[in-house]
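# Results of the structural survey
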Amino acid sequence: PMQSVLVLPEIIDPKLWYLGNVLPWADDDKTVFSFFAYPNRDIHINADFVKQGDIQSWRDLLDPRWKGKIIWSDPSVTGSGFNGFSTLIYHKVLDLDFYRQMASKQDIIVTRDLRLQVDWLSRGKAYIAISAEGTPVAEYIRAGANLDVIAPNEGTYLSVDAGNLSISAKSPH
């Protein structure tokens with residue numbers, strides 16, 4: 001059984017799992033922890049400058065007060081920026097007109113450096129990050145950055161990521 005080796009609060013809290021508020025055990029004996037997808041968190045904010053409720057929809061990003069304050073993971077190359085851009089267009093959550101408005105009105109900062117994106121968000125150079133990678137976001141939050149995630153009214157999408165975690169019986173270490 002693996003329950004005793006899982007220790008991170010964001011892993012062991014069943015309320016944080018989207019499948020019926022239960023941990024994703026693959027077996028009744030709880031020896032295999034299994035996951036196949038996770039809900040994407042495409043909009044992060046610096047909560048020192050943007051409050052929960054200021055942004056409730058993707059379209060709220062067109063508000064002039066965010067001009068020059070949005071940093072986006074480059075959607076023109078493979079990665080988190082492209083994944084969000086293409087998925088939201090493909091499923092008609094957003095359209096090209098929305099992205100054209102973002103590009104022409106909001107002076108978006110576009111970067112391929114995913115750590116820099118979160119660094120600038122944490123320091124207040126940008127207030128909003130689109131398609132920031134989860135690992136640097138978590139690291140900066142642990143270091144004390146006041147970052148938060150926005151769940152837009154339009155919803156989000158699942159990112160495919162599969163994994164199984166198990167521990168070998170009678171392992172030497």
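Before reading further, recall that the structure is shown in the block above.
A few points on the structure. In this text, all values refer to a predicted model and were calculated from it rather than measured experimentally.

## Digging into the pattern of salt bridges
- Tallied over the entire structure, the rule returns five salt bridges.
- Its salt-bridge partner being D63, residue R65 comes within 3.2 Å of it at the nearest N-O pair.
- Classification of R65 by relative accessible area gives partly exposed; the value is 44%.
- On the basis of relative accessibility, which here comes to 28%, the residue D63 falls in the partly exposed class.
- Linking R123 and D119 is a salt bridge whose minimum nitrogen-to-oxygen distance equals 2.8 Å. With R123 and D119 both in helix α4 (residues 114-123) and four residues apart, this pair spans about one turn of that helix.

## Side note on the packing of aromatic side chains
- Inspection of the entire model under this criterion finds five aromatic pairs.
- Relative to Y127, the ring of F49 has its centre 4.4 Å away and its plane inclined at 0°; by these criteria the two rings are stacked. One end of the pair, F49, is in the loop between β2 (43-46) and β3 (70-73); the other, Y127, is in the loop between α4 and β5 (128-130), and 78 residues separate them in sequence.
- According to the relative accessible area criterion, F49 is partly exposed, its value standing at 37%.
- Y127 gets classed as buried once you look at its relative accessible area, which sits at 19%.
- Aromatic side chains W72 and Y99 sit 5.5 Å apart centroid to centroid with 20° between the ring planes, which places their arrangement in the stacked category. Of this pair, W72 sits in strand β3 while Y99 sits in helix α3 (residues 96-105), and the two are 27 residues apart along the sequence. One exposure class covers both W72 and Y99, and it is buried.
- The residue whose ring lies beneath K125 is W120, and the NZ or CZ to ring-centre distance is 3.7 Å.

Definitions and cut-offs
Within each chain, residues carry numbers counting from 1 in the order of the written sequence. Residues qualify for local features only when their pLDDT is at least 70, as the model is predicted, and side-chain atom pairs are given and counted only at 80 or more; totals for whole chains, interfaces and linings, by contrast, use all residues. By convention in this description, side-chain values take in all heavy atoms of the structure and omit both hydrogens and water. We count a salt bridge whenever a side-chain nitrogen from Lys or Arg sits within 4 Å of a carboxyl oxygen from Asp or Glu. For every residue, the accessible area (1.4 Å probe, protein chains only) is compared with the maximum for its type, and the residue is labelled buried under 20%, exposed over 50%, or partly exposed between those bounds. Here a helix means four or more residues in a row that DSSP labels H or I, a strand means two or more in a row labelled E, and each is numbered from the N terminus. Each aromatic pair joins two rings of Phe, Tyr and Trp (for Trp, the six-membered one) with centres within 6.5 Å, and gets the label stacked for planes under 30 degrees apart, edge-to-face for over 60, and tilted for any other angle. Both a distance and an angle decide whether a charge sits over a ring: NZ of Lys or CZ of Arg must be within 6 Å of the ring centre and within 35 degrees of the ring normal.

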